[in-house]
Amino acid sequence: MNENIIKYIRPKNTPVKVGSTYIGYGHPIVAQTMTNTKTEDIDATFKQITELYESGIELIRVSVPSEKALKALYEIKQKLIKKRINVNIIADIHFNAVLAEKCATFVEKVRINPGNYVDSPNKAHKSNIPDKTLIENKIKTLINICKQHGTAIRIGVNFGSLSWRIIEKYGYTPEAMVNSALEFIDVFEKLNFTNTIISLKASDVVTTIKANTLLIEQLNKREYKYPIHLGVTEAGLDTEGRIKSVLGIGILLLLGIGDTIRVSLSEHPLVEVIEAKKILNVFNNIINNRGTCKIIYVPEEALKNSTPLKIINKNNRSFRIYSFSFNKNFSFESNNSKNILGIYINKDDENTLTEFIILLGYLFFKLDFTEILILIDVPNTEKILEIIDYTLHFLNIDKKFNEYISCPTCSRSTIDVEQLTRKIKLATKKFNNLKIAIMGCIVNGPGEMHDADYGCLGSGNNKITIYKQGKPIAKNLEINEGINFLINLIEHENNKNL
Ligand code: SF4
């Protein structure tokens, strides 16, 4: 039955060569990750790259925030070559075109961020030169170096670091993300450089999905054929971080979008690898019809003697959840107008749950239904009910949890994001519907604060800056003092709502 509803078609694009790996049509969808050590710490970064490579990852991104990090990455690369570790390194660059140009001579791919590659961070320094000319002037040296060395480029847009120029035009919207990428792609095309991969990532699942589907529409209109890198950025940690990633990446993959993926968690990158591989494995099972869950059409009479465990009516959509035993007397084969679309789940192992989340999200996005049944055929329904609640929360259907936006950290971070996020989660779990951002640095930090109720970001030298409703309210506090300040503020302002 599932194959009648899920029609996966991978569109043809032009594969991009990243060292020894091809990304794009005709090649397997490939997982990647990023180091979270200080790049300048050559031993620690080399060790982490080696561990990640041994876990089966062939594309590893490393942050290069400074000349010192650049020199370290060069040494690391030489060490990898000497030890015959055939891993493809992606240099992650923000703000600094010169670092990108230098890295492009010895790494396999450079990721640049259109939000901070060209525009001055300061609005007061607005240029009178047309936007695309400005981009062309700034990018052409990098493109020439990449052409010479066979280096690929990722145009990596992040919702948290859109330029003020783009935000002024489009606001914080999926359209802003798409146009931020398109400006660069048009210039790349003009300069005859197509060894390029594109990514649009947001910490919000729905924004990520809308931006990527819109991007594909725009690329198709222009007949551009670029591979796509997928991810939900700053997804956080624990169950929530995993469900967000499964939803954002899994739904887009089923919609036929995506050639490489990264799961961004505020945990060790080896955990990201496990989660990314799980998503790819489950996705392959779904499209090859080897999945466990069933999408079925259920005749209403099959349920007439059953009481739903739960009914959720939101935004003109209805979800009815039943504890259900498959009854062979009923035929679930055809879609006649009286039958209701449903998902049937009869296992609660990790792969089945991952598949269930993807399918539920896919049905929501792809099909214009008003009512969906969820039929649970396992003895303990609690775990699945919790997953349904999170899924509907992250699809913005039924918001009920706190949301913690936290970055996976990289060489730029000066704070322990994972530990701080755990501390803040624990202290605020008694509240509901708060959005709290915990970010390692200023690259995506201020952008992620814009619609968060509260937040903090690493402002260098073991200091943090505290935000409330998008505005900094206490700058450069010592970490413990800052976290206590933030937790006290949240408690003070929300205790009355309990
Ligand atoms: Fe690195 Fe986090 Fe800063 Fe992003 S926001 S650049 S992951 S420290």
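What counts and what doesn't
Residues numbered from 1 in each chain as written. Predicted model: local features only at pLDDT ≥ 70, side-chain atom pairs only at ≥ 80, totals over all residues. Heavy atoms only, no water. Helix = DSSP H or I, 4+ residues; strand = E, 2+ residues; numbered from the N terminus. Expected span 1.5 Å × (residues − 1). Buried < 20%, exposed > 50% of the residue type's maximum accessible area, 1.4 Å probe, protein only. Contact = heavy atoms within 4.5 Å. Phe/Tyr/Trp six-rings, centres within 6.5 Å; stacked < 30°, edge-to-face > 60°. Lys NZ or Arg CZ within 6 Å of the ring centre and 35° of its normal. Pairing = 2+ DSSP bridges. Right-handed = clockwise from strand over helix to strand, strands pointing away. Near = heavy atom within 4 Å. Nonpolar A, V, L, I, M, F, W, Y, C, P; charged D, E, K, R; others polar.

Undergrad: Explain helix α10 (residues 269-287) to me, please; I cannot follow it from the model alone.
TA: An α-helix turns once per 3.6 residues; consequently, residues spaced three or four apart project the same way. Compared with an ideal rise of 1.5 Å per residue, which puts 19 residues at 27 Å, α10 spans 27 Å between its outermost C-alpha atoms and is within 8% of the ideal. Of all the positions in α10, only Pro269, Glu272, Val273, Glu275, Ala276, Lys278, Ile279, Leu280, Val282, Phe283, Asn285 and Ile286 are classed as buried. On its buried side, α10 packs onto β3 (30-31), β4 (33-34), α2 (42-54), α9 (238-254), β11 (260-261) and α11 (350-366). Remark: asparagine 289 follows α10 within two positions and exhibits a positive phi of approximately 55 degrees.

Undergrad: Help me understand the packing of aromatic side chains, please; the structure alone is not making it clear to me.
TA: By convention here, two paired aromatic rings are described through the distance between centres and the angle between planes. Summed over the entire model, instances satisfying the criterion amount to nine aromatic pairs. Seen in terms of ring centroids, tyrosine 224 and tyrosine 226 are 6.0 Å apart; in terms of plane orientation they differ by 80 degrees. Their pairing is edge-to-face. Considered together, tyrosine 224 and tyrosine 226 belong to a single accessibility category, that of buried residues. Feature note: the residues Tyr390, Phe394 and Phe401 constitute an aromatic cluster, connected by ring pairs. Against the face of phenylalanine 46 rests lysine 79, its NZ or CZ located 4.5 Å from the ring centre.

Undergrad: Before we go on, may I ask you to explain the environment of isoleucine 295 in this structure?
TA: Mapped onto the fold, isoleucine 295 is located in strand β12 (residues 294-299). Overall, the relative accessible area of 0% leaves isoleucine 295 in the buried class. Between the alpha carbons of isoleucine 295 and isoleucine 345 there is a distance of 9.1 Å; along the sequence they are 50 residues apart.

Undergrad: Can you walk me through the pairing of strand β6 (residues 88-93) in this structure?
TA: The buried count for β6 comes to six of six residues, which makes it a mostly enclosed element. Side chains Asn88, Ile90 and Asp92 project from β6 onto one buried face, and the interleaved Ile89, Ala91 and Ile93 project onto a second face that is buried too. When strand β5 (residues 59-63) meets β6, the two strands line up parallel, connected through five bridges. For arginine 61, the partnering residue across the bridge sits in β6 and is isoleucine 90. As for the winding sense of the linkage, the β-α-β connection from β5 through helix α3 (residues 67-82) to β6 is right-handed. Judged from the four bridges that link them, β6 and strand β7 (residues 109-112) form a sheet pairing that is parallel. By the bridge assignment, aspartate 92 is partnered in β7 with arginine 111. This β-α-β element, β6 to helix α4 (residues 97-103) to β7, shows right-handed connectivity.

Undergrad: Could you clarify how one ought to interpret the site of the ligand in this entry?
TA: Taken together, the neighbourhood of the ligand is formed by Cys407, Pro408, Thr409, Cys410, Arg412, Ser413, Met439, Gly440, Cys441, Val443 and Asn444. Partitioning the shell around the ligand into residue classes produces six nonpolar, four polar and one charged.

Undergrad: Looking at this structure, how should I read unusual backbone geometry?
TA: Trans is the common state for peptide bonds, and a negative phi is the common state for residues other than glycine. Its identity is not glycine, yet threonine 409 carries a phi of approximately 65 degrees, on the positive side. Position of threonine 409 among the secondary structure elements: in the loop between β17 (403-406) and α13 (417-428). Its relative accessible area of 14% is what places threonine 409 among the buried residues. The phi dihedral of asparagine 461 is positive, around 50 degrees, even though this residue is not glycine. Residue position: asparagine 461 is located in the loop between β19 (454-458) and β20 (463-468).

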